[in-house]
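Descriptive structure summary
Chain residues, written in single-letter form:
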Amino acid sequence: MARGDRRRRGAPADGPRTAERAARGGPVRRDGRGGRARGAAGGAALALVVLSLALGLSGRWLLAWYRSRRAVMLHSAPPALPPDSSSPTVAPDLFWGTYRPHVYFGMKTRSPQPLLTGLMWAQQGTTPGTPKLRHTCEQGDGVGPYGWEFHDGVSFGRQHIQDGALRLTTEFVKRPGGQHGGDWSWRVTVEPQASGTSALPLVSLFFYVVTDGKEVLVPEVGAKGQLKFISGHTSELGDFRFTLLAPTSPGDTTPKYGSYNVFWSSNPGLPLLTEMVKSRLNNWFQHRPPGASPERYLGLPGSLKWDDRGPSGQGQGQGQFLIQQVTLKVPCSVELVFESGSARTGGSQALEQLAGSLLTHALESHAEAFRERFEKTFRLKEKGLSPEEQALGQGALSGLLGGIGYFYGQGLVLPDMEVEGSEQKVDPVLFPSVPLFTAVPSRSFFPRGFLWDEGFHQLVIQRWDPRLTREAIGHWLGLLNANGWIGREQVLGDEARARVPSEFLVQRTAHANPPTLLLPVAHMLDGGDPADLAFLRRAFPRLRAWFSWLHHSQAGPVPLSYRWRGRDPALPTLLNPKTLPSGLDDYPRASHPSASERHLDLRCWVALGSRVLMRLAEQLGEAEAAAELGPLAASLGAEESLDELHWAPELGVFADFGNHTKAVQLKPRPPQGLMRVVGRPHPHLQYVDALGYVSLFPFLLRLLDPNSPRLGPMLDVLADRRQLWSPFGLRSLAASSPFYSQRNSEHDPPYWRGAVWLNVNYLALGALHYYGHLEGPHQARAARLHGELRANLVGNVRRQYQATGFLWEQYSDQDGRGMGCRPFQGWTSLVLLAMAEDY
Ligand SMILES: *[C@@H]1O[C@H](CO)[C@@H](O)[C@H](O)[C@H]1NC(C)=O
């Protein structure tokens with residue numbers, strides 16, 4: 001997963017503080033010029049070279065300076081997406097979206113300075129003290145299950161959220177019109193969890209709008225302290241108006257009594273919104289519906305008044321935060337309507353407000369259209385999958401689409417300073433401000449972009465909406481630096497940064513990550529959709545630069561071998577130094593990291609990359625590139641060279657090679673705790689006897705000929721119950737391995753050491769399906785294993801989904817239980833393609 005130490009990640013409690021620390025005090029050199037000043041920087045570099053030569057400065061210093069400049073310089077190839085492709089004029093239907101995956105419900109515009117909307121809620125009067133305010137998705141807040149039942153990625157979605165005694169449904173639908181992204185409406189419905197309870201809960205719903213800077217918001221307050229509407233204007237949105245409608249009972253139009261409170265201040269900074277509302281929720285009010293006994297509730301101020309006691313004491317010119325609290329008895333339903341001014345001018349017909357029965361109708365027809373399109377795309381019903389499996393598939397797709405975010409900001413980068421073998425100490429520098437439109441692995445735990453996850457995400461998304469995939473890949477390729485590097489974890493903007501401890505903010509430009517984006521690219525080539533091909537034509541120079549950087553920067557000790565840079569150092573506290581760039585974090589590698597290592601998975605990724613790039617060059621008529629890539633693809637495709645570098649005769653499988661001994665153990669050594677003990681035989685250069693996902697890569701990426709003598713042994717390993725086969729899918733590490741289920745340190749539980757992961761299982765299904773359709777000695781066996789593995793995998797994910805309501809990060813190979821973080825609607829959503837047998 002390459003997500004570092006995942007236990008320390010979420011840390012939402014001190015998230016904002018950590019981010020602030022990083023933003024203020026950290027060793028960050030403010031240098032935002034980066035790519036924009038590319039030409040100027042190049043000229044300056046030359047001038048400085050000349051100057052320092054004249055002054056006799058050390059060449060080493062110069063090289064370091066030059067490298068750190070290039071690290072944060074954007075690549076000069078033309079962009080893969082047309083300029084302004086995110087603007088409301090060019091892509092009006094994508095301008096508004098649920099692009100804040102880390103909040104339970106919220107929308108924003110695809111804009112560097114967005115207008116944001118969101119929902120918070122709290123059940124009143126349950127416990128003495130402050131009610132629990134819900135806003136951002138958290139692992140440990142007791143909310144759940146939650147997730148999108150439907151989400152089409154563009155204009156409609158319906159989500160269900162269980163929260164103790166409450167059951168919420170959040171729905172949105174958009175209506176095109178005008179030049180600024182059109183209208184949209186929300187409906188939030190709250191019902192009691194158990195029917196027939198005598199005391200119905202009192203709930204507060206908080207609807208808010210936040211602006212980032214120059215926008216103007218003008219609230220209009222009604223008699224009872226409720227906002228009648230908020231009007232406003234921004235350059236991107238033109239004139240607009242929000243209206244919060246009177247609450248009703250669900251499915252009914254008769255109004256329901258609500259109590260209103262409102263709060264208005266400068267924007268304290270997006271990561272601090274929850275805290276700000278909590279701290280202002282400190283007055284008792286009476287909720288007195290006519291004819292019912294009054295109830296106390298905690299509320300924001302009773303009337304609209306500008307409050308400028310921002311937490312930082314400043315607060316001018318940072319935008320506004322306006323929040324309306326509606327308190328009422330469950331069950332209830334509240335609608336928020338956004339209307340764009342330009343949808344109303346020009347045309348003569350008055351647009352009816354998208355609310356009430358009109359909204360109900362729009363939601364129903366979108367749900368129906370979603371179901372039809374879903375079946376047309378994936379054909380689960382036609383293939384005989386059960387209604388439960390179809391619901392799982394819809395939930396998997398919807399959760400992935402509903403997790404798409406739009407981020408904007410500057411990442412932190414540590415330039416590669418390995419000069420003549422010695423590492424120089426350098427500080428991280430800021431990457432230029434860049435936008436990123438991407439799906440995310442998990443709304444609660446990893447609500448930001450991850451490079452190798454994204455390739456898997458887009459395999460699902462492109463089947464549904466190829467345009468979204470072009471948008472996402474185009475954005476990722478926009479992150480390319482001058483050398484052709486893309487950082488593997490993208491923490492862009494305050495909201496994303498607030499969720500990441502500072503030690504994980506920095507991306508090193510020496511480190512790679514599997515080039516999985518080439519998987520959806522290969523699918524585009526197979527499909528031949530003209531829009532995809534036009535996109536690939538624009539994207540080609542960037543794809544090529546990215547691949548070329550991977551091929552050169554991760555070169556191994558001998559030709560056609562490759563080595564992941566950035567393994568952990570051999571600390572005495574680690575059983576096996578991790579390899580985060582590979583994506584398989586703690587998967588065991590050579591026990592003693594060295595420059596002599598050859599990594600099998602990386603070699604296979606590069607082989608796949610060269611193949612895809614060459615096909616692409618041929619298809620696009622890029623003769624020069626095809627001539628260059630051809631020989632590389634041929635050499636990497638030759639099984640003799642793979643055999644020579646990676647076939648371990650003594651193990652009977654393909655393997656990594658490096659300085660290794662299997663005689664390592666963690667032993668308790670008070671007072672330090674668990675410490676690594678190395679016994680005999682001493683480490684020496686040899687094949688690494690760790691049987692697991694890495695061993696399968698030549699098969700997983702379909703690099704072997706169906707007649708290859710190595711295919712049989714691969715299938716043996718895969719199908720062996722003592723090794724990779726479990727009743728719940730293929731385990732990441734053989735049950736017979738000494739590392740199986742082992743912790744890596746006192747504080748580091750096993751991650752890729754036995755658990756079942758959906759992304760690699762999906763690759764395995766694809767490979768079995770592939771070899772099951774090609775003539776060869778293993779054809780029948782591959783086809784049979786495909787059927788069995790698919791049944792095991794899908795069956796288990798479905799059972800866990802039914803039992804918990806979530807898709808999970810990984811699954812136990814012992815009892816199938818979902819493990820790690822949840823919801824994990826990133827690559828676990830591949831279960832949909834497994835059901836559809838679409839590889
Ligand atoms: C292997 O590692 C050991 C321990 O660090 C070291 O002494 C030895 O020189 C290494 N051998 C090679 C070939 O790198």
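Source: prediction; values computed, not measured. (Residues numbered from 1 in each chain as written. Predicted model: local features only at pLDDT ≥ 70, side-chain atom pairs only at ≥ 80, totals over all residues. Heavy atoms only, no water.)

Attention shifts here to the site of the ligand. In the vicinity of the ligand, the residues found are His592, Asn659, Pro683 and Leu685. Measuring from an oxygen atom of the ligand, one finds a side-chain N or O atom of asparagine 659 at 2.3 Å. For the ligand, whose unbound accessible area comes to 360 Å², protein coverage reaches 40%. (Near = heavy atom within 4 Å. Polar contact = N/O pair within 3.5 Å; in protein donor to acceptor, adjacent residues only side chain to side chain. Areas by Shrake-Rupley, 256 points an atom, 1.4 Å probe, with all protein chains shown as cover.)

Moving on to the nonpolar core. Grouped burial of nonpolar side chains is what soluble globular proteins tend to show. By size, the foremost hydrophobic cluster in this structure holds 214 residues, and its most contacted members are Leu543, Phe699 and Trp752. Looking at which element gives the most residues to this core, the answer is helix 13 (residues 600-620), with 13 residues. The residues contacting leucine 543, other than those within four sequence positions of it, are Leu477, Leu518, Val521, Leu536, Leu613 and Leu616. Judged by nonpolar contacts, the second largest core, of 17 residues, contains Phe263, Val277, Leu300 and Phe321. (Core = buried A, V, L, I, M, F, W, Y, C linked by side-chain atoms within 4.5 Å. Buried < 20%, exposed > 50% of the residue type's maximum accessible area, 1.4 Å probe, protein only. Helix = DSSP H or I, 4+ residues; strand = E, 2+ residues; numbered from the N terminus. Contact = heavy atoms within 4.5 Å.)

Here the focus is the environment of methionine 276. The topology assignment puts methionine 276 in helix 5 (residues 273-280). When the C-alpha atoms of methionine 276 and serine 265 are compared, they prove to be 9.9 Å apart, with 11 residues separating the residues in sequence.

Moving on: the sheet that holds strand 22 (residues 429-430). Across the sheet, which stays open at both edges, the 3 strands sit in the order 22-19-26 with mixed pairing between neighbours. Because the sheet does not close on itself, it has two edges, and the strands there are strand 22 and strand 26 (506-508). (Pairing = 2+ DSSP bridges.)

Here we come to the side chain of glutamate 171. Looking at the secondary structure, you find glutamate 171 in strand 6 (residues 166-175). Looking at glutamate 171, its side chain comes within polar contact range of the side chain of arginine 158, at 3.2 Å. The residues contacting glutamate 171, other than those within four sequence positions of it, are Phe105, Gly157, Arg158, Ser185, Trp186, Arg187 and Leu363.

Here helix 19 (residues 779-804) is 26 residues long and its end C-alpha atoms lie 37 Å apart, about the 38 Å a rise of 1.5 Å per residue gives. Restricting attention to buried positions, one finds in helix 19 the residues Ala782, Leu785, His786, Leu789, Arg790, Leu793, Val794, Gly795, Asn796, Val797 and Gln800. Count one or two residues on from helix 19 and you reach glycine 805, which has phi positive near 80°. (Expected span 1.5 Å × (residues − 1).)

A separate point is the environment of alanine 539. Locating alanine 539 in the fold gives a position in helix 12 (residues 530-553). The sequence separation of alanine 539 and proline 78 amounts to 461 residues, and the corresponding C-alpha distance is 8.3 Å. Not counting residues within four places of it along the chain, the set of residues in contact with alanine 539 comprises Ala80 and Leu477.

Further remarks concern the side chain of threonine 189. Tracing the sequence through the fold places threonine 189 in strand 7 (residues 183-192). Among the residues examined, threonine 189 registers a relative accessible area of 9% and is labelled buried. Setting aside anything within four residues of it in sequence, one finds threonine 189 in contact with Arg167, Leu168, Thr169, Pro250, Cys332 and Ser333.

Turning next to the pattern of salt bridges. Side chains that differ in sign of charge can pair as their charged atoms come close. Enumeration according to the criterion identifies 35 salt bridges in this entry. Between glutamate 624 and arginine 544 there is a salt bridge, with the nearest N and O atoms lying 3.4 Å from each other. Taken together, the residues glutamate 624 in helix 14 (residues 623-637) and arginine 544 in helix 12 connect sequence positions 80 residues apart. Several salt bridges converge on common partners, so that one network encompasses Arg175, Asp183, Glu339 and Arg344. (Salt bridge = Lys/Arg side-chain N within 4 Å of Asp/Glu carboxyl O.)

Another point: helix 15 (residues 639-646). Within helix 15, burial applies to Glu639, Ser641, Leu642, Leu645 and His646. Along helix 15, the residues classed as buried sweep out an arc of 160° about the axis, all on the same side. Exposed and oriented more than 90 degrees from the buried face of helix 15 are Glu640 and Glu644. Turning to helix 15, the residues buried within the fold contact helix 13, helix 14, strand 27 (647-648), strand 28 (653-654), strand 32 (684-687) and helix 16 (697-700). (Arc of directions from axis to C-beta.)

This part covers unusual backbone geometry. Negative phi characterises most residues that are not glycine, and trans characterises most peptide bonds. For the bond running from proline 670 to proline 671, omega is 5°, close enough to zero to count as cis. Along the polypeptide, proline 671 turns up in the loop between strand 30 (664-669) and strand 31 (673-678). With an omega of -10°, the peptide bond running from arginine 822 to proline 823 counts as cis. Within the secondary structure layout, proline 823 lies in the loop between strand 36 (818-819) and helix 20 (831-836). For serine 741, which is not glycine, the phi torsion reads 60° and is therefore positive. With respect to the secondary-structure elements, serine 741 resides in the loop between strand 34 (729-730) and helix 18 (758-772). For serine 741, a relative accessible area of 34% gives the class partly exposed.

Looking now at the packing of aromatic side chains. Evaluated as defined, the whole model comprises 45 aromatic pairs. Seen in terms of ring centroids, tyrosine 99 and phenylalanine 437 are 5.6 Å apart; in terms of plane orientation they differ by 80°. Their pairing is edge-to-face. With tyrosine 99 in the loop between strand 1 (96-97) and strand 2 (106-109) and phenylalanine 437 in strand 23 (residues 434-438), this pair connects stretches of sequence that are 338 residues apart. Comparing tyrosine 99 with phenylalanine 437 shows no difference in burial state: the two are buried. (Phe/Tyr/Trp six-rings, centres within 6.5 Å; stacked < 30°, edge-to-face > 60°.)

Spatial ordering of the open sheet is given by 1-2-3-8-16-12-15, a layout of 7 strands whose pairing is mixed. Strand pairing shows two members of the sheet lacking a second neighbour, strand 1 and strand 15 (306-307), which therefore form its edges. The pairing of strand 3 (residues 116-124) with strand 8 (residues 202-210) spans 9 bridges and is classified as antiparallel. Counted as the bridge partner of leucine 116 is valine 210 from strand 8.

A word on the confidence of the model for the protein. When pLDDT is averaged across the protein, the result is 90; 90% of the residues are at 70 or more. For residues 311-316, every residue scores under 50 in pLDDT, and the model assigns this stretch 8 contacts once sequence neighbours within four places are set aside. (pLDDT = per-residue confidence, 0-100.)

This next bit is on the packing of helix 12 against helix 14. At a minimum axis separation of 13 Å, helix 12 and helix 14 run at an interaxial angle of 30°. In this view, helix 12 runs roughly parallel relative to helix 14, as classed from their interaxial angle. Helix-helix and strand crossings are classified by hand; for helix 12 and helix 14 the assignment is left-handed. For the pair helix 12 and helix 14, the contacting residues are Phe540, Arg544, Phe547 and His551 in the first and Glu624, Ala625, Glu628, Leu629 and Leu632 in the second. Looking at side-chain class alone, the contact of helix 12 with helix 14 contains 5 nonpolar, 1 polar and 3 charged residues. (Axes fitted to C-alpha atoms, helices over the stretch in contact; angles between N-to-C directions. Parallel < 35°, antiparallel > 145°, perpendicular 65-115°, else oblique. Left-handed = near helix turned anticlockwise from the far one by under 90°. Nonpolar A, V, L, I, M, F, W, Y, C, P; charged D, E, K, R; others polar.)

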